[in-house]
Amino acid sequence: MSQTHVVPTRVYYTIFAILMFCTYLTVQVAFLDLGALNTVAALAIAVFKAVLVVLFFMHVKYSTRLTWVVVIGGAFWLGILLALTMTDYLSRAWGTFG
Amino acid sequence: MWSGSPLFPEAASTIASRVDAVFFFLIGVAVFFSVLIAALILRFAIKYRRRAPDAIGEVITGGVLLETIWTAVPLAIVLISFGWGASVYFAMSRPPEETLDIYVVGKQWMWKFQHLDGQREINELHVPVGRAVKLTMTSEDVIHDFFVPAFRTKADVIPGRYTTIWFEPTKAGRYQLFCAEYCGTRHSGMIGQVVVMEPTDYQAWLSGGPQEGSLASRGEKLFSDLACNTCHRPDTQGRGPALDGLFGKTVTLQGGETVTVDEAYLRQSILTPAARITAGFQPIMPTFQGLVTEEQLLELVEYVKALRSR
Amino acid sequence: MLPDAVEHHHPALAHQFDSLAQQREAAALGMWVFLVTEVLFFGGLFATYAVYRWWYPDAFAAASHELDILLGGTNTAVLITSSLTMALAVHSAQLGRRRLLLLFLIATMALGCVFLGIKGVEYYHKFVEHHVPGPGFEFEAAYARQAQIFFSLYFIMTGLHAVHMIIGIGIMLAMFWMSWRGRITADYYNPIEVSGLYWHFVDIVWIFLFPLLYLIGRHA
Amino acid sequence: MQTTVAALPPRHYLNDGFGIRSWLFTRDHKRIALLYLATITLFFFIGGAMAVLIRLELATPAGDLVTDETYNKLFTMHGVMMVFFFLIPSIPATLGNFLVPLMIGAKDLAFPKLNLLSWYIFVVGGLFTLYALISGGVDTGWTFYTPFSTISSTSKVVPTALGVFITGFSSILTGLNFIVTIHRMRAPGMTWFRMPLFLWSIYATSLIMVLGTPVIAITILLVAAERLFHFGFFDPAVGGDPVLFQHLFWFYSHPAVYIMVLPSMGVVSEVVAAFCRKPVFGYRIVAFASVAIAVLGFLVWAHHMFVAGISVYAAMIFSVLSMLVAIPSAVKVFNWTATMYRGSISWQTPMLYAMGFIGLFTIGGLTGVFLATLAVNVHVTDTYFIVAHFHYIMVGGALMGYLGGLHYWWPKISGRLYPEFLAKLSAGIIFLGFNLTFFPQFVAGYLGMPRRYHAYPPDFQVLNVLSSAGASILGVGYLIPMAYLMWSLRYGRAAGSNPFGAVGLEWMTTSPPPTENFATTPVVAWDAYDYKGEVEGRVA
Ligand code: HEA
Ligand code: HEA
Ligand code: CUA
Ligand SMILES: [Cu+2]
């Protein structure tokens, strides 16, 4: 478990290329009219990029289970904050208190 | 049954006894468990007190049955409590169809009330017994909170939007009104009274007060003073939509969504017209943010509401 | 892995640890936990953003149009590149290639400075255009009020991000110094690895900020 | 078992270096714990002095002792000091710092320098807040609600906010240090399920510190930005929502109440086991309950906002979730009670505190269930019912646990015994004074007396006089331990390594422990609280 993993530089360059392409893509997609899907697409691309950075640049793919737990836990708590806050705002529109 | 006791507040609204019932249930639960735990602790502490300096306790590592019981029983109790509490809360937040509407504006540190017929009051609110009263409330500065213990009812009064609250008084009398959200230096002085009157007395009070015209008629005057009527005309010729019969209707917005017109929507349409554009119109309406006071805003809202009966 | 006896004498081994491996894992875990706190720190801003974007989509779109995609996009590319050089720096450290390590650290810092420079230019534009929230704020009348919320968010989000960049560059300077002094070796490169994690994290924040701030309703 | 040694060990962490520098630059977790102990005690008495003034003012219905403005500053500073500068750091930063490495058999925390840094950050945060206090005070309430705090208050909001912001980092770093230490520094054989329950609760607490504190940090920063630069995050004038602040504030501040109580629960688990001389009933369930409280605690925050204009549906979701978080707490209470069954119970001071904790926490917690029940909440929110609820948990619960823990480990920390009779006496005084102070507030609250009121209608006076009388008894109760603990530092009898005959790694080293904690790294081959094993000689 303490074994350090030396990732071949080829991997880094590939990831870099994908990230750059995704940046281009996200700008292009923003100019298409997809309605509500615009936001979804932008976020999906951003999440994809972030996952690549985390897995490869930050070596999580090669790390201990504990690191995975910490990463996923962090994302999950962010989810709690966003989701439960939005339950209020989304359902306020349904009325009663106005 | 408890009214008059120094340990329990008077109950003077239809909802009060329902709240008290939940409260008594919870008292029962709390007393039962507190006494149980205290009794067990004391009993064990005495019965099993250390007899020899080196004595150790019996090794008991756990018990599945016991753990299950003391997870399940409290769970059942709290879920009952939740369900019961939620149903009463729901009733508190849904006003009945027919209500007597009154507007409330809170500011540091006073309560201002406006009746539809035009009476204004400060720190004192007159309402008749036996009618559901609905308050539409907002604040000029910070958050306040309208609290009448005898009615078991309370709601924050928030700047920038309307909140509502309703109650149906059951007994004539004078009841304490508190501001229950901390609002600055004289928070504890932001108190008043709700005067609940027999319907006939209330009628007399209504006709006795100073008359400055009804809320809606003051709104009508404002409507022309602010030149709203240059764009909003009763016919469809204006640059803005006709407002007759608008209240309560469903309006289609530019994006295709629909909204039901309520006080909050009217408020927003006047203060932030661009936020929601009615389909078929240009966003040319200027904002009236800062140009009208909260009270004037209420008058305008009430006027547009009144247009529904035309 | 080095035998225990040698490790005990390793100059970088702190007294509270038993082995370099334990020390390295502790450092990495510590940094990851710290990054989680950072996620939630920015999380408060993202929650605020979500609420107001949901309430005022049109105002947000209008305000977003005032931002310069070219500058924002360039900055995204710059940061991604800096992440690459950072990853390569860690790689060099792992292999004990000191010269390469120093080179990549310099590249990373330089790219970080480019990013901050471009950010500065953008701030300057906003300042000139009176888009800084507060009493002097100006915006086309229809959206004047809510656009201010957008720009408040824009400044606080990118501002805090920039603060993180500056701290990151500071850390890189320290790393540079340590590597220069030869304190980083193939069997002790914790500091580089851990600082790398931080740097990548700051990159990830920007990966979200870019679409959320610059790319709203661009088709319209 | 009771090996009373006449003298202190020749070499221990207290005499390993003298002079102020050896303290201010120490990296020894035990010395840092003492630094914290001194600072938080100071803050407690500052907060307590304000409580005294509050209660004096409220002895009469008229606002006659201090002006309304001063009164508002008093309860604000009382809340800020007690919550952020006393109770949140209390057990974790003192007992936690002292005991975490000892209990897992490590030489120190994973990051000793960071640990010292945390204390300095804490002190700087405290100084900011004290500056705010001295230079005029703050009057926003400890909750800093917008828009009052951003556009209306003219007091020292920004320095206070900065103080809390800075202190937050101390909390984050402490939590981080504990998490890493518990994961990575356990002695051989010290598996997760052999750890004392105190460590489980500290671990759960650290999770909350790490996950929640950053959100309050950013929220407070937004308030400061709004005040200083008129950014409009919560300002209705630009379309902002003041209620959003409350969401962000309580996202941290609800879980923070578990930062305050979980460590006390850990202490109670230790104390109950040690003074009953048997394992805690349902060890694993109690351990998991700590983590469950920490996790569920993040899902309930809007129960502070039921009348604040949130949607009815959201209120229901948060109400039912609040109910769920009560369950693991209830489970713990039952398990402690069951532990006493057939124990060998010694009535020493720490045990008295633990028993006090269990009883008062039960009352406080059950009234929390009242508050989570929507209909009742509407009536009692923002009244003295709330004040009574949280003092029952925070003073009757958390603070009792802290005092219990302090007494339990005092011989370990100082190497000396405190006078047992005085200790028992003051525990009794505190218990009585406490109930007299805060029970009447439940009644006043249901009668409708709003909180944060400088003057109140005369109908409530009887209850308030009772409460004020109780507070003066309580104050005396707190001064006595202060006095005899100080006294014992010099004159107390030497304690020996294990004065209570308890099982646990911390009792296997000398009192006070040497700087490196253990002569050799212990190897653990027994479960926590294995009293039978100890008697049979398997624990050594
Ligand atoms: C250490 C601090 C602490 C702790 C642990 C708690 C624990 C709980 N709190 Fe409390 N609370 C505060 C400190 C704390 N609280 C503070 C400071 C405030 C006010 C803040 C302010 O506005 O200034 C507050 C306010 C507060 C409110 C908001 C009131 C309002 O302003 O309107 C609510 C509402 O739900 C609430 C609920 C609860 C619940 C359900 C628990 C539960 O976790 C309790 C669980 C415990 C038990 C249930 C006891 C054990 C029970 C048994 C052994 C018996 C069997 C059980 C059952 C049958 C259920 N609390
Ligand atoms: C850890 C948390 C904690 C602790 C320990 C306490 C301890 C006490 N609190 Fe506190 N309290 C809060 C947290 C806490 N409180 C919070 C969060 C609020 C809400 C604030 C807000 O609304 O914003 C609050 C609010 C609050 C109020 C409500 C104010 C209001 O709403 O108007 C009251 C009123 O009785 C009160 C009383 C007390 C008393 C009597 C004690 C006693 O237990 C204190 C006993 C200690 C002493 C008495 C100290 C002994 C020292 C001396 C004797 C030296 C005396 C020196 C001089 C007088 C110079 N508190
Ligand atoms: Cu208005 Cu308090
Ligand atoms: Cu809470």
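Residues numbered from 1 in each chain as written. Chains lettered and ligands numbered in written order. Predicted model: local features only at pLDDT ≥ 70, side-chain atom pairs only at ≥ 80, totals over all residues. Heavy atoms only, no water.

### Brief notes about the coordination of the iron atom of ligand 1
Residue and element names in this part refer to chain D. Protein coordination of the iron atom of ligand 1 rests on one atom only, H389 (NE2), at 2.2 Å. Separating the iron atom of ligand 1 from the copper ion (ligand 4) is a gap of 4.4 Å. By secondary structure assignment, the location of H389 is in helix α13 (residues 384–414). (Donors = N, O, S within 2.8 Å, 3.2 Å for Na, K, Ca; no water. Helix = DSSP H or I, 4+ residues; strand = E, 2+ residues; numbered from the N terminus.)

### Re the site of ligand 1
Close to ligand 1 lie 33 residues, the nearest being W142(D), Y258(D), T381(D), H389(D) and R451(D). Close to ligand 1, residues of chains B and D are found. Here an oxygen atom of ligand 1 sits 2.8 Å away from a polar atom, N or O, in the side chain of W142(D). One nitrogen or oxygen atom from the side chain of Y258(D) is found 2.6 Å from an oxygen atom belonging to ligand 1. Looking at the shell around ligand 1, the elements that each hand over two or more residues are α1 (16–47) and α2 (64–93) of chain B together with α8 (242–276), α10 (312–340), α11 (349–372) and α13 of chain D. (Near = heavy atom within 4 Å. Polar contact = N/O pair within 3.5 Å; in protein donor to acceptor, adjacent residues only side chain to side chain.)

### A word on the sheet that holds strand β3 (residues 120–122) of chain B
The pairing of strands in a sheet comes from backbone hydrogen bonds and takes either a parallel or an antiparallel form. Residue and element names in this part refer to chain B. As summarised here, the arrangement of the 5 strands in space is β3-β2-β1-β5-β8, forming an open sheet in which the pairing is mixed. Both outer strands of the open sheet, β3 and β8 (163–167), are each paired with one neighbouring strand and no more. Here the average twist between neighbouring strands, direction ignored, is 25 degrees. In terms of strand pairing, strand β1 (residues 100–107) meets strand β2 (residues 110–115) through 6 bridges, oriented antiparallel. Across the sheet, the residue bridging to V104 is F113, located in β2. (Pairing = 2+ DSSP bridges. Axes fitted to C-alpha atoms, helices over the stretch in contact; angles between N-to-C directions.)

### Let's talk about the coordination of the copper ion (ligand 4)
Tetrahedral coordination by four donors puts the ideal angle at the metal at 109.5 degrees, and octahedral coordination by six puts it at 90 or 180 degrees. All names here are of chain D. Distances from the copper ion (ligand 4) to its protein donors, namely H254 (ND1), H303 (NE2) and H304 (NE2), fall within the range 1.8 to 2.1 Å. Ordering the donors of the copper ion (ligand 4) by residue number gives the pattern H-x48-H-H. For H304, a relative accessible area of 29% translates into the label partly exposed. (Buried < 20%, exposed > 50% of the residue type's maximum accessible area, 1.4 Å probe, protein only.)

### A short note on the interface of chain D and chain B
On the side of chain B, 84 residues touch chain D, which itself brings 93 residues to the contact. Roughly 7,400 Å² is buried in total at the junction of chain D and chain B, and carbon and sulfur atoms are behind 70% of that figure. Across the contact surface, chain D and chain B share 1 salt bridge. Note that E58(B) and R342(D) form a salt bridge whose closest N and O atoms lie 3.5 Å from each other. The interface formed by chain D and chain B holds 29 residue pairs in polar contact (both at pLDDT 80 or more) in total. Here the side of chain D that touches chain B takes 17 residues from α10(D), the largest share from any one element. The residue makeup of the side of chain D that touches chain B, split by class, is 60 nonpolar, 22 polar and 11 charged. (Contact = heavy atoms within 4.5 Å. Buried area = accessible area lost by both parts, 1.4 Å probe. Salt bridge = Lys/Arg side-chain N within 4 Å of Asp/Glu carboxyl O. Nonpolar A, V, L, I, M, F, W, Y, C, P; charged D, E, K, R; others polar.)

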